[in-house]
Each structure stands twice: as structure tokens, then as C-alpha cells.
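What follows is each chain in one-letter form.
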Amino acid sequence: MKGVAAVLTLYLHITALQVEAGDVCASGKFTSSGECCSLCPAGTGVASDCEQEDTKCQPCQEGVTFSDSEGLSGCQPCSQCPLGIPQLARCTITQDAHCDCGKGFYLWKQTNETNTFCASCTSCNQGEGVVRACGPAGDTVCQPCGPGTFSEDKSYSQACMPCSWCAEDKVEIRPCQAKSNTLCMDQDLHIFSRNGSQGPWAFPRRPIPSDEDGEKNRVATGSEAPDLGSQDHQGGNNILIYVSVLAAVVLGLLVYVGYKCWKSFQQKAALGKARAAELNYVVEGEKLHSDSGVFLDSHSLQENQLSKAGSKQDSKQDSRYINLPPHRQEEVEKLLGEGGSGSWRQLATVLGYEQERVDMFGRGEDPIHTLLTDWAQQDTSTLELLSTALSNIERHDVAKALSSPNQGITMV
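Brief notes about a nonpolar patch on the surface
Okay, step 1: Taken together, the side chains of Ile 241, Tyr 242, Val 245, Val 249 and Leu 253 define a hydrophobic patch exposed on the protein surface, amounting to about 460 Å² of accessible area.
Okay, step 2: Topologically, Tyr 242 is positioned in helix α3 (residues 228–292).

Concerning the packing of aromatic side chains
Okay, step 1: Taken as a whole, this structure holds four aromatic pairs when the rule is applied.
Okay, step 2: Judged by centre distance (6.1 Å) and plane angle (55 degrees), the rings of Tyr 321 and Trp 375 are tilted. With Tyr 321 in the loop between α4 (298–309) and α5 (326–337) and Trp 375 in helix α8 (residues 367–376), the pair connects residues that are 54 residues apart, well separated along the chain. In this pair, the class of Tyr 321 matches that of Trp 375, namely buried.

Topic: the layout of surface pockets
Okay, step 1: Computed from the structure, the second largest pocket encloses a volume of approximately 960 Å³.
Okay, step 2: Every residue lining the second largest pocket is counted, 31 residues in all, and those nearest its centre are Thr 349, Leu 351, Gly 352, Tyr 353 and Glu 354.
Okay, step 3: Of all the secondary-structure elements, those providing two or more residues to the lining of the second largest pocket are β7 (105–108), β8 (117–120), α6 (341–350) and α7 (355–362).
Okay, step 4: Among the elements that take part in the lining of the second largest pocket, α6 stands out by supplying four residues, more than any other.

A short note on the environment of Thr 111
Okay, step 1: Turning to its location among the elements, Thr 111 is positioned in the loop between β7 and β8.
Okay, step 2: Between the C-alpha atoms of Thr 111 and Gln 76, which are 35 residues apart in sequence, the distance is 7.8 Å.

Some points on the packing of α6 against α8
Okay, step 1: Where α6 contacts α8, the two axes come as close as 10 Å, and the packing angle between them is 20 degrees. By the criterion of interaxial angle, the relationship of α6 to α8 is roughly parallel. Crossing handedness for the pair α6 and α8: left-handed. Judged by residue contacts, Trp 344, Leu 347 and Ala 348 of α6 engage Pro 367, Ile 368, Leu 371 and Leu 372 from α8.
Okay, step 2: Broken down by class, the residue content of the contact of α6 with α8 amounts to seven nonpolar, no polar and no charged.

Digging into helix α9 (residues 383–392)
Okay, step 1: Within α9 the residues assigned to the buried category are Leu 386, Ala 389, Leu 390 and Asn 392. Looking straight down α9, one finds that the buried residues subtend no more than 160 degrees of arc, so they occupy a single side.
Okay, step 2: Along its buried surface, α9 packs onto β7, β8, α5, α6, α8 and α10 (396–402).
Okay, step 3: Following α9 by one or two positions, Glu 394 has its phi on the positive side, about 65 degrees.

Concerning unusual backbone geometry
Glycine aside, residues mostly have negative phi angles, and peptide bonds mostly take the trans form.
Okay, step 1: Even without being glycine, Glu 394 reaches a positive phi, approximately 65 degrees.
Okay, step 2: Overall, the relative accessible area of 38% leaves Glu 394 in the partly exposed class.

A look at the packing of α7 against α8
Okay, step 1: Relative orientation of the contacting elements α7 and α8 amounts to 130 degrees, with a least axis distance of 8 Å. Considering their axes alone, α7 and α8 lie oblique with respect to each other. Taking contact as the criterion, the partners of Arg 357, Phe 361 and Gly 362 in α7 are, on α8, Pro 367, Thr 370, Leu 371 and Asp 374.
Okay, step 2: Here the residues of the contact of α7 with α8 are counted per class, giving three nonpolar, two polar and two charged.

Thresholds applied
All residue numbers refer to position in the chain's written sequence, counted from 1. With pLDDT at 70 or above as the cut-off, local features in this predicted model cover only qualifying residues; side-chain atom pairs require 80 or more to be listed or tallied, and sums for whole chains, interfaces and linings still use all residues. Neither water nor hydrogens contribute to the side-chain values; these are computed over all heavy atoms in the structure. Only residues whose relative accessible area exceeds 30% and that form no salt bridge enter a patch; like-charged residues are grouped when within 9 Å of one another, and nonpolar side chains (Val, Leu, Ile, Met, Phe, Trp, Tyr) when within 5 Å. The method behind every accessible area is Shrake-Rupley, applied with a 1.4 Å probe, and residues are considered shielded solely by the protein chains displayed. Take a side-chain nitrogen of Lys or Arg and a carboxyl oxygen of Asp or Glu: if they are within 4 Å of each other, that pair is a salt bridge. Helix and strand assignments follow DSSP, with helices taken as H or I runs no shorter than four residues and strands as E runs no shorter than two, numbered in order from the N terminus. Stacked, edge-to-face and tilted are the three classes for Phe, Tyr and Trp ring pairs, Trp counted by its six-membered ring, which pair at centre distances within 6.5 Å; planes under 30 degrees apart are stacked, over 60 edge-to-face, the rest tilted. Buried means the residue's accessible area, taken with a 1.4 Å probe over protein chains only, is under 20% of the maximum for its type, while exposed means over 50%, and partly exposed covers the values in between. Space inside and on the surface of the protein is sampled on a 1 Å grid over the protein atoms alone, with a cavity defined as a set of points where a 1.4 Å probe fits but cannot get out and a pocket as an open set with protein on both sides within 12 Å along at least 5 of 7 lines; lining residues have an atom within 4 Å of a point. Grid points are joined across faces, edges and corners, and a volume is the space filled by probe spheres set on the points. Axis lines are fitted to C-alpha atoms, over the contacting stretch for helices. Their N-to-C directions set the angle, which ranges from 0 to 180 degrees. The labels follow the angle: roughly parallel below 35 degrees, roughly antiparallel above 145, roughly perpendicular from 65 to 115, and oblique for the rest. By definition, any crossing whose near helix is turned counterclockwise from its far helix by less than a right angle is left-handed, and any crossing with a clockwise turn is right-handed. We call two residues in contact when some of their heavy atoms are within 4.5 Å. Throughout, the ten residues Ala, Val, Leu, Ile, Met, Phe, Trp, Tyr, Cys and Pro are labelled nonpolar, Asp, Glu, Lys and Arg are labelled charged, and all others, Gly among them, are labelled polar. Each C-beta atom gives one direction from the helix axis, and the arc is the one those directions make.

This is the structure in C-alpha cells:
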């Protein structure tokens, strides 16, 4: 027991001496004899781990495995571009293959696997800047904006911007922050002014006369005496003007908010009327089937009614998935379900969902419907983006059904 304690004490002394001398072990791992384990350089991988003896490395195979940095791990298998995705650079012993997934996508794969697919790029939040843009090298890499920089928007390509400085004729009213730039105001407004002894900001005041000025004022008589009452009256008028302008601005904002609420209410009411008319049309179609023996496809009637109602506004129609007719959505969900759980899980990853959210969808009764319904609530849920994502996971049959033309009325 004493021998083990002595060896441990000797090891700690050796480590302390190495740190003091600046000889710090880069790998942070030591052999049983206390020697620093060596790192395998780029282009090589670990063949034998560092335990009793030092690390043993072996070169990676050209076009099969690679290692892009030094470390204590083995060579990684080269990626294979998905079907239909062009290759920008082949795999070498020091870099992985680069595939052209297109703007807004990057090549995604799990560790030690060769199968890949194109996934949506991650956007940096407000207050963060892009260190490495999303592209062939991988997903976006973000970092918080440091002092003197800011980022006001979400982006997967914009780095932190340097803060602005207020010009000489402007006053800084809010300093630069990580999520917003410096806010300046014109000095000509004279709403506030600096006054040393009366706090950092104070209303403009009439300067206090000195002793010499007091003597002059006491000697001056008649028309030479200054009209102090007129100056106070002019200052009061300026304050009234500023208050009136501020009240007008507030009133304008209230009117604008009320107008936006009224327009939103009108749009919701028009949408409710359109849906009610759509349901009435379907009911009339069913009555016609029961009375005359003529079968009308309710989905076709629905599409026909929608096409007539929107014929005057074709240029303004929204191409979002949420506006797709219900039976078309059911057809897309049915075709996607024929590919098993792998298809919709790949689609969820390409659309930007994290694995934890995908697993939560999988625990439901209808995960495909839940996924597409949740994604349709986003502002970017367009048919073009969904078609591109389906093509990236090689579900061209679903993408074709998504863009197929509407069918008309079927009569028997």
C-alpha cells in the first residue's frame, strides 16, 4: 500500500514539473510510465491505443477513409453523395468528399457511416454570428457576438457586424448590444441636453447670470433692461410644441395598430365565409347524387369551387402546403407512409427538425400527419421547399404527386 502511494506521489510530482516547465501534454493522456501519449496527425488514424506503450498510428486509405485533424481516433469512412447530387471534391486521406446539396442545404451523415442525405442549414439566432457558413464543409457554425459587434437577424450566412458610432451632430441614446446596433438621435431636436451639476440628462434651463452680469442688469434701465418674461414664455411654447408632436406620434401609432387589427378581422371573416360556401357546395353535390343517381366527386367539387372563387386572384395565390386541398394532403401522407418510418424520419431531418422532436412525433398514432401539420404552420412551408426536400431523400413519387394538377368532376 505504501509502495502504491509512493508511485502516485512521484507521478504527481513529475506532472507538476512538466506543467511548470511549459511541457504540457497536448493529448491529455499518459502511458502507465508517465509519458505523454502522441496524437496521430491528419491523414492517419489510431491503430493501437495508448496504454502501456505510446500511440501507434496507421495511414488512412485513399478514397475509402480519411482523417482531417490530429487526434486519438481512427480513420473515418468517406461519405457517398446521395443519388442525383453532384460531387464537388473527392475524398482524400485528409478530407471527406464534398457534395453540392444546393443553397440552404448541407450534407448530413452519422459518425462511422457512409450513407448521407441533404439536410436544411441551421440559422444563427439574434446575437450570434456565423463562423463557418453552411455548405459543402458541413452545417452552420455559430458563436455569440463579442464586444463591439452585433447581429439583429437570424441567418445561416451573416457574421457579426461591427457596431456603429454616432456622428458629431447626433447623441447616443442606447449603446450597441449583441442583438441591436447603436441608437442615435439628432442634437437639433433639443428635447434633452447635458447639464453637469443637474444629473446626466435635464431639461434646458436659462443660464444663471454671473456677478458682473448682475451689476449690469442693476444699472440698466428703461429700454436697455432685458425682457426676461418673453424668454420664459418662449421656452414654455417650445415645451408645448414638443408635447404636441409626441402626442401626435402616439395617436398615429394607435391608429395604425387599430387599422391592422381591422384588416386581420376582415381577412378571417372572408376566410370563414369561403369555407362555409365550400361546405354548402359539397352538401349540394351529395344531394344531387342521392336524387338523380349521378355521382359527383366531393373532392373534385371542392377543388372546382375553390378554383372558381380564386380565378380573379390567381396572381396572389399562396403556394404554401397549408393551402393544398385536403385530399391532396392525404394522398401525399399515404404515399409517404408506404416508404416506412425511415422516409418520414428522413424528411423531418431535412426539414430541420431535431431528433428529439422526431421521436416525439413517432410516439403518436399518425406521425406523418402530425409532422406535416406542424411544419405547415411555419411561414416558409412552401410546396417548392417540400418538393425539394422529398427529392433529396429520393421520394420522387411523392414529389410528383405533390405537383400533379387538380382533377375535375367524375361522373358515373
